[in-house]
Amino acid sequence: FPFVASCLSLTERFRMSDDDDYDAADSGAADCTPIEAGSVKMGKFLMIKGRPCKVVDVSKAKVGKHGAAKCHFVGVDIFTSKKLEAICPASAQLAEPIVDRSEYQLVDISDDDYVTMMDKDNNMREDLKMPDDDALCKRIRDQMDTGEDVLLTVLKAVGSEMIIDMKQGAK
């Protein structure tokens, strides 16, 4: 089977290195939608190294003598704020995470830092902890101590949820 052997050697020759790791469109399944790498723009969300990221920089290298156009993405993880990078062919199918932003009214904060919140339909939930950001925690606690209503913004993507912001509720 010389043809099969030559196809395999071509595949091996054009395979990307381990440093140019990018996520295929099927990672995250129901939590993501497929998107072609060449159509990703700044400000969109993209899965980079298995993490949901907001794209902060996109550069595209033109088609060269030996291969397809390449895209270079720089993204910031929406939960950890870490900077991540990916390089892939412009024709590659990537995963765009479905990001949901919700607001809840703060009801209480337990001694072990779990937050009791209520959504607009008066459904209660107590499954999220206070954020890791000390400044945001202080703002939330200070606002709650004044007795004013506090609205918490919760970001949800690929099975993770986190409180990312707060604002004063309507009077």
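Residues numbered from 1 in each chain as written. Predicted model: local features only at pLDDT ≥ 70, side-chain atom pairs only at ≥ 80, totals over all residues. Heavy atoms only, no water.

Peer 1: Looking at this structure, how should I read the nonpolar core?
Peer 2: In summary, soluble globular proteins display a tendency toward joint burial of nonpolar side chains. In terms of nonpolar packing, the biggest core is built from 16 residues, with A37, V40, L46, I48, F73, C88 and L94 touching the most fellow members. Breaking this core down by element, the ones donating at least two residues are strand 2 (45–48), strand 3 (51–61), strand 4 (70–77) and strand 5 (83–89). Broken down by element, the residue count for this core peaks at three residues, all from strand 5. Counting 15 residues, the second largest nonpolar core, distinct from the first, contains I109, L128, I140 and V154. (Core = buried A, V, L, I, M, F, W, Y, C linked by side-chain atoms within 4.5 Å. Buried < 20%, exposed > 50% of the residue type's maximum accessible area, 1.4 Å probe, protein only. Helix = DSSP H or I, 4+ residues; strand = E, 2+ residues; numbered from the N terminus.)

Peer 1: Could you clarify how one ought to interpret the pairing of strand 2 in this entry?
Peer 2: Remember that side chains alternate between the two faces of the sheet whenever the strand is regular. Both strand 2 and strand 3 contribute to a ladder of four bridges, which runs antiparallel. When the bridges of strand 3 are listed, F45 appears paired with K54. In textbook terms, the turn of a hairpin is the stretch between consecutive antiparallel strands, and for strand 2 and strand 3 this stretch comprises two residues, one of which, K49, has a positive phi near 50°. (Pairing = 2+ DSSP bridges.)

Peer 1: How should I be thinking about helix 2 (residues 134–145) in this particular structure?
Peer 2: Residues spaced three or four apart along an α-helix point in a common direction, a consequence of the helix completing one turn every 3.6 residues. The terminal C-alpha atoms of helix 2 lie 16 Å apart, and with twelve residues this matches the ideal 16 Å at 1.5 Å per residue to within 8%. When we look at burial in helix 2, the residues that qualify are L136, C137, I140 and Q143. Down the axis of helix 2, the buried set is contained in an arc of 135°. They therefore lie on one face. Turned more than 90 degrees off the buried face of helix 2, the exposed positions are D134, K138 and D145. One or two positions beyond helix 2, positive phi appears at G147, with a value near 90°. (Expected span 1.5 Å × (residues − 1). Arc of directions from axis to C-beta.)

Peer 1: Any chance you could explain the pattern of salt bridges here in plain terms?
Peer 2: Two side chains with opposite charge may pair up if their charged atoms get near one another. For the structure shown, the criterion picks out eight salt bridges. K44 is paired through a salt bridge with E96; the nearest N and O atoms lie 3.8 Å apart. With a gap of 52 residues between them, K44 in the loop between strand 1 (32–36) and strand 2 and E96 in strand 6 (residues 93–97) connect regions that are remote in the sequence. With a relative accessible area of 18%, E96 lands in the buried category. One salt-bridge network, held together by shared partners, links R125, D127 and E161. (Salt bridge = Lys/Arg side-chain N within 4 Å of Asp/Glu carboxyl O.)

Peer 1: How should the sheet that holds strand 9 (residues 124–129) be read in this particular structure?
Peer 2: Sheets are built from strands that pair by backbone hydrogen bonding, the pairs being arranged parallel or antiparallel. Pairing in this open sheet of five strands is antiparallel, and the strands run 9-8-7-10-11 from one edge to the other. Here the strands that pair on one side only, and so sit at the sheet edges, are strand 9 and strand 11 (160–168). Ignoring strand direction, the axes of neighbouring strands in this sheet form an average angle of 45°. Pairing geometry for strand 8 (residues 114–118) and strand 9, over four bridges, is antiparallel. Considered in strand 9, the bridge of V115 is made with L128. Against the sheet, helix 2 contacts strand 7 (100–109), strand 10 (150–157) and strand 11, and its axis sits at roughly 50° relative to strand 11. (Axes fitted to C-alpha atoms, helices over the stretch in contact; angles between N-to-C directions. Contact = heavy atoms within 4.5 Å.)

Peer 1: Explanation requested: the environment of E161 in the structure shown.
Peer 2: Here E161 is to be found in strand 11. In sequence terms E161 and D127 are 34 residues apart; their C-alpha atoms lie 9.7 Å from each other. Among the polar contacts made by the side chain of E161, one reaches the side chain of R125 at a distance of 2.8 Å. (Polar contact = N/O pair within 3.5 Å; in protein donor to acceptor, adjacent residues only side chain to side chain.)

Peer 1: What exactly am I supposed to notice about the state of the cysteines here?
Peer 2: Here, the word disulfide means a covalent bond between the sulfur atoms of two cysteines. Enumeration according to the criterion identifies zero disulfides in this entry. Between C88, a cysteine without a disulfide, and C71, which holds the nearest cysteine sulfur, the sulfur-to-sulfur distance is 5.6 Å. (Disulfide = S-S within 2.5 Å.)

Peer 1: What is the right way to read the side chain of T153 from this model?
Peer 2: With respect to the helices and strands, T153 occurs in strand 10. Looking at T153, the relative accessible area reads 6%, which means it is buried. Here T153 is in contact with R101, S102, E103, M162, I163, I164 and D165, once residues within four sequence places are set aside.

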